[in-house]
Amino acid sequence: MSDLHWLTAAEATRAFAARKLSPVELMTAALARIERLDPKLHAFIQLDADAAMDAARAAEAEITKGRVRGPLHGVPVGIKDIIDVAGLPTTCHSKILVDNVAKADSVVVAKLRQAGAIVVGKLSTHEFAIGGPSFDLPFPPARNPWNPDHHPGGSSSGSGAGVSAGLFPLALGTDTGGSVRNPASCCGIVGLKPTYGLVSRRGVFPLSFTLDHIGPMTRTVADNALLLDAIAGHDPADPGSAPSATRYFGRMLDRGVRDLRIGFVRHFHEIDKPAHPEVTAALEDTARVLQAEGAEVRTVTLPSLNEFAAVNRVILCSEAWSIHAPWLRERPGDYGQLARQRLLPGAFMNAGDYVGAQRRRAQMIAAVEDAFRDCDVLICASSMDPASRIEDAAETSRTYPRQARTPFNVTGHPAVAMMSGLSSNGLPLSVQFVGRYFDDATVLRVAAAYERGTEWHKKRPPIG
Amino acid sequence: MDKELIAKLAQAAGLTKALAEFPADVTMAAEQALGNQGGIAYPTDPAAEPWPPMRAGSGV
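Worth saying up front: this structure is predicted, and the values here are computed from it rather than measured. (Residues numbered from 1 in each chain as written. Chains lettered and ligands numbered in written order. Predicted model: local features only at pLDDT ≥ 70, side-chain atom pairs only at ≥ 80, totals over all residues.)

Draft legend 1. Spotlight on the overall build of chain A. For chain A, the count of helices and strands is 15 helices and eleven strands. Projected onto its principal axes, the C-alpha positions of chain A cover 60 × 60 × 45 Å. Out of the 464 residues belonging to chain A, those deemed buried represent 60%. Here the contacts in chain A between residues at least 6 apart in sequence split such that 77% fall between residues at least 24 apart. (Helix = DSSP H or I, 4+ residues; strand = E, 2+ residues; numbered from the N terminus. Buried ≥ 20, exposed ≤ 12 C-beta atoms within 10 Å, placed from the backbone. Contact = placed C-beta atoms within 7 Å.)

Draft legend 2. Highlighting the nonpolar core. The biggest cluster of nonpolar side chains holds 159 residues, and the ones touching the most others in it are Val77(A), Ile118(A), Val416(A), Leu444(A) and Ala447(A). Per-element accounting of this core gives the leading share, twelve residues, to helix 10 (residues 305-330) of chain A. (Core = buried A, V, L, I, M, F, W, Y, C linked by C-beta atoms within 7 Å.)

Draft legend 3. A look at helix 2 (residues 23-41) of chain A. All names here are of chain A. Along helix 2, the sharpest change in direction is near 40° and occurs at Glu35; proline Pro39 comes one to four residues later. Of the residues making up helix 2, those classed as buried are Pro23, Leu26, Met27, Ala29, Ala30, Leu31, Arg33, Ile34, Leu37, Asp38 and Leu41. Looking at the buried positions of helix 2, the neighbouring elements they touch are helix 1 (9-17), strand 1 (44-47), helix 3 (49-64), strand 2 (76-80), strand 3 (118-123) and helix 5 (157-164). (Bend = angle between axes of the 7 residues up to and from the residue.)

Draft legend 4. Focus on unusual backbone geometry. Each neighbour pair has its own omega, and for Gly154(A) with Ser155(A) the value is 10°, a cis peptide bond. Take Ser155(A): it is sitting in the loop between strand 3 and helix 5. Following Trp51(B), the chain continues into Pro52(B) via a peptide bond in cis, with omega recorded as 0°. Of note, the phi angle at Arg19(A) is positive, near 60°, even though the residue is not glycine. Along the chain, Arg19(A) falls in the loop between helix 1 and helix 2. Residue Arg19(A) is classed as exposed on the basis of its 9 C-beta neighbours within 10 Å.

Draft legend 5. Inspection of the interface of chain A and chain B at higher detail. Listed per partner, the contact involves 33 residues of chain A and 31 residues of chain B. Of all elements in the fold, only helix 10, helix 11 (337-343) and helix 12 (351-371) of chain A reach the threshold of two or more residues within the side of chain A that touches chain B. With eleven residues, the single largest contributor to the side of chain A that touches chain B is helix 12 of chain A. Residue classes in the side of chain A that touches chain B are distributed as 16 nonpolar, eight polar and nine charged. (Nonpolar A, V, L, I, M, F, W, Y, C, P; charged D, E, K, R; others polar.)

Draft legend 6. A look at the sheet that holds strand 11 (residues 428-435) of chain A. Residue and element names in this part refer to chain A. What the eleven strands build is an open sheet, ordered 1-3-2-4-6-5-10-11-9-7-8; its pairing is mixed. Whereas interior strands pair on both sides, the edge strands pair on one side only; in this sheet they are strand 1 and strand 8 (296-299). Ignoring strand direction, the axes of neighbouring strands in this sheet form an average angle of 30°. Examined bridge by bridge, strand 4 (residues 170-175) and strand 6 (residues 213-218) share six bridges and lie antiparallel to one another. (Pairing = 2+ DSSP bridges. Axes fitted to C-alpha atoms, helices over the stretch in contact; angles between N-to-C directions.)

Draft legend 7. Focus on the pairing of strand 2 of chain A. Residues and elements named next belong to chain A. Burial runs high along strand 2: five of the five residues are buried. Side chains Pro76, Gly78 and Lys80 of strand 2 all project onto a buried face; the interleaved residues Val77 and Ile79 project onto the opposite face, where all are buried too. As paired elements, strand 2 and strand 3 share five bridges and run parallel to each other. Within strand 3, the position partnered with Lys80 by the bridge is Leu123. Taking the sense of rotation as the criterion, the β-α-β connection linking strand 2, helix 4 (residues 107-114) and strand 3 turns out right-handed. (Right-handed = clockwise from strand over helix to strand, strands pointing away.)

Written out as C-alpha coordinates, the structure reads:
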(Lines give C-alpha, C1' and ligand atoms only; values in the text may rest on other atoms or scores of the structure.)
Protein backbone atom coordinates (compact mmCIF):
# COMPACT_ATOMS: atom_id res chain seq x y z
CA MET A 1 0.00 0.00 0.00
CA SER A 2 1.23 3.52 -0.76
CA ASP A 3 0.66 6.87 0.92
CA LEU A 4 -0.05 5.18 4.24
CA HIS A 5 -0.09 8.54 5.98
CA TRP A 6 -3.31 9.52 4.20
CA LEU A 7 -5.21 6.40 5.26
CA THR A 8 -8.19 7.12 7.45
CA ALA A 9 -8.66 5.15 10.66
CA ALA A 10 -11.54 3.25 9.02
CA GLU A 11 -9.37 2.35 6.01
CA ALA A 12 -6.45 1.33 8.21
CA THR A 13 -8.47 -1.01 10.41
CA ARG A 14 -10.07 -2.61 7.34
CA ALA A 15 -6.59 -3.14 5.89
CA PHE A 16 -5.41 -4.65 9.21
CA ALA A 17 -8.37 -7.07 9.19
CA ALA A 18 -7.65 -8.07 5.59
CA ARG A 19 -3.93 -8.58 6.44
CA LYS A 20 -2.97 -6.04 3.77
CA LEU A 21 -1.34 -3.75 6.31
CA SER A 22 0.06 -4.10 9.81
CA PRO A 23 0.01 -1.61 12.70
CA VAL A 24 3.83 -1.64 12.65
CA GLU A 25 3.91 -0.61 8.98
CA LEU A 26 1.40 2.16 9.64
CA MET A 27 3.25 3.42 12.72
CA THR A 28 6.60 3.28 10.90
CA ALA A 29 5.16 5.45 8.12
CA ALA A 30 3.61 7.86 10.64
CA LEU A 31 6.83 8.28 12.62
CA ALA A 32 8.87 8.84 9.45
CA ARG A 33 6.44 11.56 8.35
CA ILE A 34 6.49 13.15 11.79
CA GLU A 35 10.30 13.18 11.75
CA ARG A 36 10.27 14.84 8.32
CA LEU A 37 7.49 17.41 8.76
CA ASP A 38 7.19 18.23 12.45
CA PRO A 39 10.30 20.45 12.49
CA LYS A 40 8.27 22.76 10.19
CA LEU A 41 4.87 22.31 11.84
CA HIS A 42 5.65 22.00 15.58
CA ALA A 43 2.51 19.92 16.11
CA PHE A 44 4.19 17.98 18.93
CA ILE A 45 5.22 19.05 22.39
CA GLN A 46 6.36 15.52 23.14
CA LEU A 47 6.57 12.63 20.71
CA ASP A 48 6.41 9.21 22.41
CA ALA A 49 7.87 7.25 19.49
CA ASP A 50 9.32 4.25 21.37
CA ALA A 51 6.16 3.56 23.33
CA ALA A 52 4.04 4.04 20.21
CA MET A 53 6.16 1.54 18.27
CA ASP A 54 6.04 -0.96 21.16
CA ALA A 55 2.25 -0.63 21.21
CA ALA A 56 2.12 -1.09 17.43
CA ARG A 57 4.10 -4.33 17.74
CA ALA A 58 1.76 -5.55 20.47
CA ALA A 59 -1.28 -4.62 18.38
CA GLU A 60 0.17 -6.45 15.39
CA ALA A 61 0.70 -9.59 17.47
CA GLU A 62 -2.82 -9.45 18.88
CA ILE A 63 -4.51 -8.79 15.54
CA THR A 64 -2.52 -11.62 13.95
CA LYS A 65 -3.94 -13.93 16.61
CA GLY A 66 -7.44 -12.65 15.90
CA ARG A 67 -7.68 -10.70 19.15
CA VAL A 68 -9.01 -7.33 18.05
CA ARG A 69 -9.21 -5.07 21.08
CA GLY A 70 -11.60 -2.53 19.60
CA PRO A 71 -12.55 -0.53 16.51
CA LEU A 72 -9.38 1.59 16.63
CA HIS A 73 -6.92 -1.22 17.30
CA GLY A 74 -3.50 -0.22 16.01
CA VAL A 75 -4.47 3.30 14.88
CA PRO A 76 -2.24 6.27 15.91
CA VAL A 77 -3.86 9.13 17.81
CA GLY A 78 -2.45 12.48 18.97
CA ILE A 79 -3.53 14.07 22.26
CA LYS A 80 -3.75 17.80 23.01
CA ASP A 81 -1.37 18.68 25.81
CA ILE A 82 -4.02 19.63 28.34
CA ILE A 83 -5.30 16.02 28.38
CA ASP A 84 -3.55 13.60 30.74
CA VAL A 85 -1.68 10.59 29.37
CA ALA A 86 -0.09 8.53 32.15
CA GLY A 87 3.68 9.01 32.32
CA LEU A 88 3.78 11.87 29.81
CA PRO A 89 3.94 15.59 30.58
CA THR A 90 0.77 17.67 30.69
CA THR A 91 2.38 21.09 30.30
CA CYS A 92 -0.65 22.96 28.90
CA HIS A 93 2.07 24.51 26.69
CA SER A 94 3.07 26.63 29.69
CA LYS A 95 6.10 27.34 31.83
CA ILE A 96 3.72 27.09 34.81
CA LEU A 97 3.34 23.31 34.33
CA VAL A 98 6.48 22.54 32.35
CA ASP A 99 7.55 19.83 34.84
CA ASN A 100 4.08 18.35 35.39
CA VAL A 101 3.85 14.64 34.53
CA ALA A 102 0.46 12.92 34.48
CA LYS A 103 0.10 10.09 36.98
CA ALA A 104 -2.90 8.51 35.27
CA ASP A 105 -4.73 8.52 31.97
CA SER A 106 -7.64 10.89 31.54
CA VAL A 107 -10.96 9.10 30.98
CA VAL A 108 -10.85 9.83 27.24
CA VAL A 109 -7.35 8.41 26.86
CA ALA A 110 -8.29 5.32 28.88
CA LYS A 111 -11.26 4.83 26.57
CA LEU A 112 -9.05 5.25 23.50
CA ARG A 113 -6.71 2.57 24.80
CA GLN A 114 -9.70 0.27 25.39
CA ALA A 115 -10.65 0.83 21.75
CA GLY A 116 -7.10 -0.13 20.76
CA ALA A 117 -5.79 3.27 19.64
CA ILE A 118 -2.10 4.07 20.11
CA VAL A 119 -1.06 7.40 21.62
CA VAL A 120 1.82 8.90 19.60
CA GLY A 121 2.39 11.96 21.77
CA LYS A 122 1.24 15.24 23.22
CA LEU A 123 0.28 18.10 20.92
CA SER A 124 0.76 21.86 20.89
CA THR A 125 -1.99 24.10 22.18
CA HIS A 126 -2.48 27.73 23.00
CA GLU A 127 -1.22 28.19 26.58
CA PHE A 128 -3.86 26.72 28.91
CA ALA A 129 -6.11 26.52 25.83
CA ILE A 130 -6.48 30.32 25.79
CA GLY A 131 -3.21 32.17 25.15
CA GLY A 132 -1.90 31.92 21.63
CA PRO A 133 -0.42 31.81 19.12
CA SER A 134 2.53 32.84 21.29
CA PHE A 135 6.27 33.03 20.78
CA ASP A 136 7.15 33.60 24.46
CA LEU A 137 6.37 30.07 25.71
CA PRO A 138 8.62 27.03 26.35
CA PHE A 139 7.52 25.48 23.03
CA PRO A 140 6.92 27.08 19.63
CA PRO A 141 3.35 27.41 18.28
CA ALA A 142 2.11 24.89 15.73
CA ARG A 143 1.88 26.03 12.12
CA ASN A 144 -0.63 25.49 9.33
CA PRO A 145 0.21 22.67 6.86
CA TRP A 146 -1.57 24.56 4.06
CA ASN A 147 0.96 27.36 4.51
CA PRO A 148 3.34 27.28 7.49
CA ASP A 149 3.42 31.08 7.54
CA HIS A 150 -0.20 30.94 8.70
CA HIS A 151 -1.89 30.11 12.00
CA PRO A 152 -3.40 26.61 12.20
CA GLY A 153 -6.12 27.92 14.51
CA GLY A 154 -6.39 27.19 18.17
CA SER A 155 -6.36 26.33 20.79
CA SER A 156 -6.07 22.69 19.64
CA SER A 157 -3.39 23.81 17.18
CA GLY A 158 -1.18 20.72 17.07
CA SER A 159 -4.23 18.47 16.75
CA GLY A 160 -5.45 20.37 13.70
CA ALA A 161 -2.04 20.71 12.08
CA GLY A 162 -1.09 17.07 12.69
CA VAL A 163 -4.30 15.54 11.35
CA SER A 164 -4.30 17.84 8.33
CA ALA A 165 -0.64 17.06 7.50
CA GLY A 166 -1.12 13.30 7.74
CA LEU A 167 1.04 12.88 10.85
CA PHE A 168 -1.78 10.81 12.41
CA PRO A 169 -5.40 10.20 11.34
CA LEU A 170 -7.02 10.96 14.71
CA ALA A 171 -6.57 13.57 17.43
CA LEU A 172 -8.33 14.87 20.49
CA GLY A 173 -8.87 18.56 21.05
CA THR A 174 -10.79 20.61 23.57
CA ASP A 175 -13.31 23.35 22.91
CA THR A 176 -14.34 26.13 25.33
CA GLY A 177 -14.96 28.93 22.84
CA GLY A 178 -14.38 27.03 19.59
CA SER A 179 -10.97 25.42 20.09
CA VAL A 180 -11.70 22.15 18.27
CA ARG A 181 -13.62 23.82 15.46
CA ASN A 182 -11.20 26.70 14.85
CA PRO A 183 -8.21 24.51 13.96
CA ALA A 184 -10.53 22.20 12.03
CA SER A 185 -11.64 25.27 10.04
CA CYS A 186 -8.13 26.64 9.52
CA CYS A 187 -6.61 23.26 8.61
CA GLY A 188 -9.42 21.86 6.45
CA ILE A 189 -10.39 18.87 8.60
CA VAL A 190 -13.46 17.71 10.56
CA GLY A 191 -13.74 18.88 14.18
CA LEU A 192 -16.72 18.10 16.39
CA LYS A 193 -17.68 19.74 19.65
CA PRO A 194 -20.02 17.09 21.02
CA THR A 195 -23.07 17.82 23.16
CA TYR A 196 -22.02 19.16 26.57
CA GLY A 197 -21.84 16.22 28.94
CA LEU A 198 -21.43 13.52 26.28
CA VAL A 199 -17.67 13.12 26.80
CA SER A 200 -16.02 12.98 30.23
CA ARG A 201 -13.66 15.84 31.09
CA ARG A 202 -11.98 14.01 33.96
CA GLY A 203 -8.19 14.21 33.63
CA VAL A 204 -8.33 17.26 31.35
CA PHE A 205 -6.97 20.56 32.65
CA PRO A 206 -10.02 22.84 32.95
CA LEU A 207 -10.40 26.27 31.40
CA SER A 208 -14.08 26.93 32.15
CA PHE A 209 -16.13 24.25 33.84
CA THR A 210 -19.48 24.97 32.22
CA LEU A 211 -18.08 25.63 28.73
CA ASP A 212 -15.38 22.94 28.34
CA HIS A 213 -15.85 20.09 25.86
CA ILE A 214 -13.50 17.40 24.48
CA GLY A 215 -13.92 16.58 20.81
CA PRO A 216 -12.67 14.40 17.96
CA MET A 217 -10.57 15.82 15.10
CA THR A 218 -10.18 13.77 11.91
CA ARG A 219 -9.89 14.03 8.13
CA THR A 220 -13.27 12.39 7.44
CA VAL A 221 -16.71 12.39 8.99
CA ALA A 222 -16.71 8.58 9.30
CA ASP A 223 -13.50 8.71 11.35
CA ASN A 224 -15.00 11.45 13.49
CA ALA A 225 -17.94 9.18 14.34
CA LEU A 226 -15.57 6.30 15.12
CA LEU A 227 -13.50 8.46 17.45
CA LEU A 228 -16.61 9.84 19.17
CA ASP A 229 -17.90 6.29 19.66
CA ALA A 230 -14.65 5.51 21.47
CA ILE A 231 -14.65 8.49 23.85
CA ALA A 232 -18.35 9.13 24.59
CA GLY A 233 -20.12 7.77 27.62
CA HIS A 234 -21.34 8.61 31.09
CA ASP A 235 -18.77 9.21 33.81
CA PRO A 236 -20.34 9.47 37.27
CA ALA A 237 -17.19 11.15 38.57
CA ASP A 238 -17.51 14.08 36.13
CA PRO A 239 -20.23 16.38 37.50
CA GLY A 240 -20.98 17.66 33.98
CA SER A 241 -21.35 14.19 32.49
CA ALA A 242 -24.82 13.31 31.22
CA PRO A 243 -26.33 9.86 31.74
CA SER A 244 -26.82 9.46 28.01
CA ALA A 245 -26.87 6.06 26.39
CA THR A 246 -26.30 7.48 22.90
CA ARG A 247 -23.87 5.32 20.90
CA TYR A 248 -22.94 4.46 17.31
CA PHE A 249 -22.65 7.99 16.05
CA GLY A 250 -21.96 6.81 12.51
CA ARG A 251 -25.19 4.86 12.21
CA MET A 252 -26.84 7.43 9.92
CA LEU A 253 -23.89 8.55 7.79
CA ASP A 254 -25.31 7.00 4.62
CA ARG A 255 -28.87 8.27 5.03
CA GLY A 256 -28.44 11.60 3.23
CA VAL A 257 -30.39 14.75 4.04
CA ARG A 258 -33.64 14.21 2.14
CA ASP A 259 -36.54 15.74 4.10
CA LEU A 260 -34.31 17.24 6.79
CA ARG A 261 -35.20 20.82 7.71
CA ILE A 262 -32.06 22.91 7.88
CA GLY A 263 -32.01 26.38 9.41
CA PHE A 264 -29.44 28.77 7.91
CA VAL A 265 -28.25 31.35 10.47
CA ARG A 266 -27.39 34.01 7.92
CA HIS A 267 -27.24 37.00 10.26
CA PHE A 268 -24.12 35.61 11.95
CA HIS A 269 -21.98 36.17 8.82
CA GLU A 270 -24.08 38.78 6.98
CA ILE A 271 -24.82 41.27 9.80
CA ASP A 272 -23.21 40.40 13.14
CA LYS A 273 -19.67 39.85 11.88
CA PRO A 274 -19.68 40.31 8.09
CA ALA A 275 -17.59 37.53 6.59
CA HIS A 276 -14.88 37.56 3.95
CA PRO A 277 -16.67 37.31 0.55
CA GLU A 278 -15.11 33.90 -0.16
CA VAL A 279 -16.45 32.56 3.14
CA THR A 280 -19.91 33.90 2.32
CA ALA A 281 -19.85 32.35 -1.15
CA ALA A 282 -18.79 28.98 0.28
CA LEU A 283 -21.63 29.11 2.83
CA GLU A 284 -24.19 29.78 0.10
CA ASP A 285 -22.69 26.89 -1.90
CA THR A 286 -23.09 24.65 1.16
CA ALA A 287 -26.78 25.49 1.40
CA ARG A 288 -27.20 24.78 -2.34
CA VAL A 289 -25.44 21.40 -2.04
CA LEU A 290 -27.74 20.33 0.79
CA GLN A 291 -30.82 21.58 -1.06
CA ALA A 292 -29.74 19.62 -4.12
CA GLU A 293 -29.48 16.53 -1.89
CA GLY A 294 -33.10 17.01 -0.83
CA ALA A 295 -32.94 19.11 2.34
CA GLU A 296 -35.24 22.05 2.95
CA VAL A 297 -33.20 25.14 3.84
CA ARG A 298 -34.82 28.08 5.62
CA THR A 299 -33.40 31.20 7.29
CA VAL A 300 -33.48 31.32 11.09
CA THR A 301 -32.61 34.01 13.62
CA LEU A 302 -30.78 33.55 16.93
CA PRO A 303 -29.44 36.07 19.46
CA SER A 304 -26.56 38.12 18.06
CA LEU A 305 -23.02 36.79 17.85
CA ASN A 306 -21.76 39.77 19.81
CA GLU A 307 -24.01 38.94 22.75
CA PHE A 308 -23.12 35.24 22.63
CA ALA A 309 -19.46 36.29 22.69
CA ALA A 310 -20.01 38.63 25.64
CA VAL A 311 -21.80 35.95 27.66
CA ASN A 312 -19.10 33.42 26.81
CA ARG A 313 -16.38 35.88 27.83
CA VAL A 314 -17.88 36.68 31.25
CA ILE A 315 -18.44 33.01 32.09
CA LEU A 316 -15.07 31.86 30.73
CA CYS A 317 -13.08 34.63 32.43
CA SER A 318 -14.88 34.19 35.76
CA GLU A 319 -14.46 30.42 35.85
CA ALA A 320 -10.87 30.57 34.56
CA TRP A 321 -9.96 33.17 37.21
CA SER A 322 -11.13 30.79 39.92
CA ILE A 323 -8.64 28.25 38.52
CA HIS A 324 -5.70 30.52 37.73
CA ALA A 325 -5.90 33.14 40.50
CA PRO A 326 -3.17 31.58 42.69
CA TRP A 327 -0.65 31.45 39.83
CA LEU A 328 -1.64 34.87 38.46
CA ARG A 329 -1.00 36.31 41.93
CA GLU A 330 2.31 34.52 42.58
CA ARG A 331 3.79 33.79 39.14
CA PRO A 332 2.35 36.29 36.62
CA GLY A 333 5.64 36.36 34.73
CA ASP A 334 5.53 32.62 34.09
CA TYR A 335 2.55 33.04 31.77
CA GLY A 336 3.00 34.16 28.20
CA GLN A 337 1.67 37.62 27.55
CA LEU A 338 -1.46 36.52 25.67
CA ALA A 339 -2.59 34.05 28.33
CA ARG A 340 -1.94 36.60 31.07
CA GLN A 341 -3.94 39.25 29.20
CA ARG A 342 -6.82 36.87 28.51
CA LEU A 343 -7.00 35.40 32.03
CA LEU A 344 -6.64 38.60 34.09
CA PRO A 345 -10.05 40.12 33.22
CA GLY A 346 -11.66 37.53 35.50
CA ALA A 347 -10.12 39.35 38.47
CA PHE A 348 -12.27 42.37 37.68
CA MET A 349 -15.61 40.62 37.16
CA ASN A 350 -17.95 40.32 40.09
CA ALA A 351 -20.50 37.77 41.21
CA GLY A 352 -23.31 39.75 39.65
CA ASP A 353 -21.57 39.72 36.25
CA TYR A 354 -21.16 35.96 36.41
CA VAL A 355 -24.64 35.07 37.61
CA GLY A 356 -26.16 37.60 35.21
CA ALA A 357 -24.33 35.98 32.29
CA GLN A 358 -25.51 32.54 33.41
CA ARG A 359 -29.09 33.82 33.61
CA ARG A 360 -28.88 35.30 30.10
CA ARG A 361 -27.31 32.01 29.00
CA ALA A 362 -30.47 30.14 30.02
CA GLN A 363 -32.51 32.46 27.79
CA MET A 364 -30.08 31.98 24.90
CA ILE A 365 -30.39 28.22 25.27
CA ALA A 366 -34.16 28.60 25.09
CA ALA A 367 -33.82 30.69 21.91
CA VAL A 368 -31.72 28.00 20.19
CA GLU A 369 -34.06 25.27 21.41
CA ASP A 370 -36.92 27.27 19.93
CA ALA A 371 -35.16 27.27 16.54
CA PHE A 372 -34.91 23.48 16.75
CA ARG A 373 -38.70 23.18 16.96
CA ASP A 374 -38.82 23.97 13.23
CA CYS A 375 -35.39 22.70 12.15
CA ASP A 376 -33.44 19.46 12.49
CA VAL A 377 -30.01 21.02 11.99
CA LEU A 378 -28.58 24.54 11.70
CA ILE A 379 -25.93 25.71 9.21
CA CYS A 380 -23.79 28.72 9.98
CA ALA A 381 -20.31 30.11 9.52
CA SER A 382 -17.40 28.84 11.59
CA SER A 383 -14.56 31.32 10.87
CA MET A 384 -15.38 34.57 9.07
CA ASP A 385 -11.91 34.72 7.49
CA PRO A 386 -9.21 32.34 6.27
CA ALA A 387 -6.34 31.78 8.71
CA SER A 388 -4.19 34.83 9.46
CA ARG A 389 -0.41 34.95 9.10
CA ILE A 390 0.89 33.55 12.38
CA GLU A 391 3.43 36.29 13.00
CA ASP A 392 0.98 39.09 12.19
CA ALA A 393 -0.27 39.67 15.73
CA ALA A 394 -2.57 42.53 14.72
CA GLU A 395 -4.28 40.49 11.99
CA THR A 396 -4.61 37.46 14.28
CA SER A 397 -6.09 39.67 16.98
CA ARG A 398 -8.54 41.15 14.43
CA THR A 399 -9.68 37.87 12.87
CA TYR A 400 -9.56 35.48 15.85
CA PRO A 401 -12.80 36.70 17.45
CA ARG A 402 -14.58 36.84 14.08
CA GLN A 403 -16.22 33.46 14.42
CA ALA A 404 -19.57 31.79 15.13
CA ARG A 405 -18.46 28.94 17.37
CA THR A 406 -18.91 30.34 20.89
CA PRO A 407 -22.75 30.31 20.69
CA PHE A 408 -22.67 26.54 20.95
CA ASN A 409 -20.29 26.49 23.89
CA VAL A 410 -22.77 28.79 25.61
CA THR A 411 -25.70 26.50 24.73
CA GLY A 412 -23.95 23.11 24.72
CA HIS A 413 -25.45 21.95 21.41
CA PRO A 414 -23.30 19.64 19.25
CA ALA A 415 -21.51 21.43 16.39
CA VAL A 416 -19.11 20.23 13.72
CA ALA A 417 -16.83 22.41 11.59
CA MET A 418 -15.45 21.19 8.29
CA MET A 419 -13.91 22.39 5.06
CA SER A 420 -16.18 24.19 2.59
CA GLY A 421 -13.66 25.41 0.03
CA LEU A 422 -10.29 26.99 -0.57
CA SER A 423 -9.57 30.70 -0.55
CA SER A 424 -7.85 32.41 -3.47
CA ASN A 425 -4.59 32.18 -1.50
CA GLY A 426 -4.99 28.44 -0.98
CA LEU A 427 -6.25 28.32 2.61
CA PRO A 428 -9.24 26.27 3.82
CA LEU A 429 -12.68 27.85 4.24
CA SER A 430 -15.20 26.31 6.60
CA VAL A 431 -18.82 25.71 7.52
CA GLN A 432 -20.50 24.61 10.72
CA PHE A 433 -23.45 22.24 11.28
CA VAL A 434 -25.26 22.30 14.64
CA GLY A 435 -27.76 19.84 16.06
CA ARG A 436 -30.13 19.13 18.90
CA TYR A 437 -28.81 17.96 22.26
CA PHE A 438 -27.47 14.40 22.07
CA ASP A 439 -28.32 14.25 18.37
CA ASP A 440 -24.64 14.35 17.41
CA ALA A 441 -25.41 11.49 14.99
CA THR A 442 -27.65 13.75 12.87
CA VAL A 443 -24.99 16.48 12.83
CA LEU A 444 -22.53 13.91 11.49
CA ARG A 445 -25.17 12.61 9.04
CA VAL A 446 -25.47 16.07 7.48
CA ALA A 447 -21.69 16.50 7.50
CA ALA A 448 -21.31 13.14 5.72
CA ALA A 449 -23.86 14.10 3.06
CA TYR A 450 -22.01 17.37 2.50
CA GLU A 451 -18.68 15.53 2.36
CA ARG A 452 -20.03 13.17 -0.31
CA GLY A 453 -21.49 16.07 -2.26
CA THR A 454 -18.30 18.12 -2.39
CA GLU A 455 -15.22 15.99 -1.72
CA TRP A 456 -13.27 18.86 -0.15
CA HIS A 457 -11.93 16.22 2.23
CA LYS A 458 -9.86 14.81 -0.63
CA LYS A 459 -7.82 18.01 -0.96
CA ARG A 460 -4.37 17.75 0.64
CA PRO A 461 -2.18 20.53 1.98
CA PRO A 462 0.83 21.17 -0.29
CA ILE A 463 3.35 20.12 2.31
CA GLY A 464 4.68 16.96 0.67
CA MET B 1 -10.64 54.36 33.32
CA ASP B 2 -9.26 55.72 36.61
CA LYS B 3 -5.80 54.18 37.10
CA GLU B 4 -5.97 54.55 40.86
CA LEU B 5 -9.23 52.65 40.93
CA ILE B 6 -7.74 49.90 38.77
CA ALA B 7 -4.76 49.68 41.10
CA LYS B 8 -7.02 49.38 44.15
CA LEU B 9 -9.16 46.70 42.50
CA ALA B 10 -6.05 44.82 41.40
CA GLN B 11 -4.57 44.93 44.90
CA ALA B 12 -7.89 43.77 46.37
CA ALA B 13 -7.75 40.80 43.97
CA GLY B 14 -4.24 39.97 45.17
CA LEU B 15 -2.56 41.12 41.95
CA THR B 16 0.11 43.32 43.56
CA LYS B 17 2.91 41.46 41.80
CA ALA B 18 1.18 41.53 38.40
CA LEU B 19 0.47 45.22 38.87
CA ALA B 20 4.14 45.92 39.52
CA GLU B 21 5.52 43.73 36.72
CA PHE B 22 2.80 44.03 34.04
CA PRO B 23 0.83 47.21 34.69
CA ALA B 24 -0.33 47.52 31.07
CA ASP B 25 -1.75 43.97 31.11
CA VAL B 26 -3.60 44.64 34.35
CA THR B 27 -5.05 47.89 33.03
CA MET B 28 -6.13 46.24 29.78
CA ALA B 29 -7.78 43.41 31.71
CA ALA B 30 -9.71 45.78 33.94
CA GLU B 31 -10.90 47.84 30.98
CA GLN B 32 -11.97 44.69 29.11
CA ALA B 33 -13.87 43.34 32.10
CA LEU B 34 -15.69 46.55 32.82
CA GLY B 35 -16.32 47.28 29.13
CA ASN B 36 -18.02 43.94 28.63
CA GLN B 37 -21.08 44.66 30.71
CA GLY B 38 -22.96 46.68 28.09
CA GLY B 39 -22.92 43.78 25.65
CA ILE B 40 -25.36 41.56 27.51
CA ALA B 41 -29.14 41.97 27.71
CA TYR B 42 -29.41 40.79 31.31
CA PRO B 43 -32.84 39.30 32.17
CA THR B 44 -35.33 41.77 33.61
CA ASP B 45 -37.56 39.03 35.01
CA PRO B 46 -36.44 38.63 38.65
CA ALA B 47 -37.38 34.95 38.48
CA ALA B 48 -35.15 34.17 35.48
CA GLU B 49 -32.83 31.44 36.74
CA PRO B 50 -29.19 30.86 35.77
CA TRP B 51 -27.79 27.90 33.87
CA PRO B 52 -26.86 25.26 34.92
CA PRO B 53 -30.00 24.52 36.92
CA MET B 54 -29.60 23.47 40.54
CA ARG B 55 -30.38 19.80 41.07
CA ALA B 56 -30.89 18.25 44.46
CA GLY B 57 -28.27 15.69 45.24
CA SER B 58 -26.11 16.30 42.18
CA GLY B 59 -22.43 16.52 42.96
CA VAL B 60 -23.01 15.76 46.63
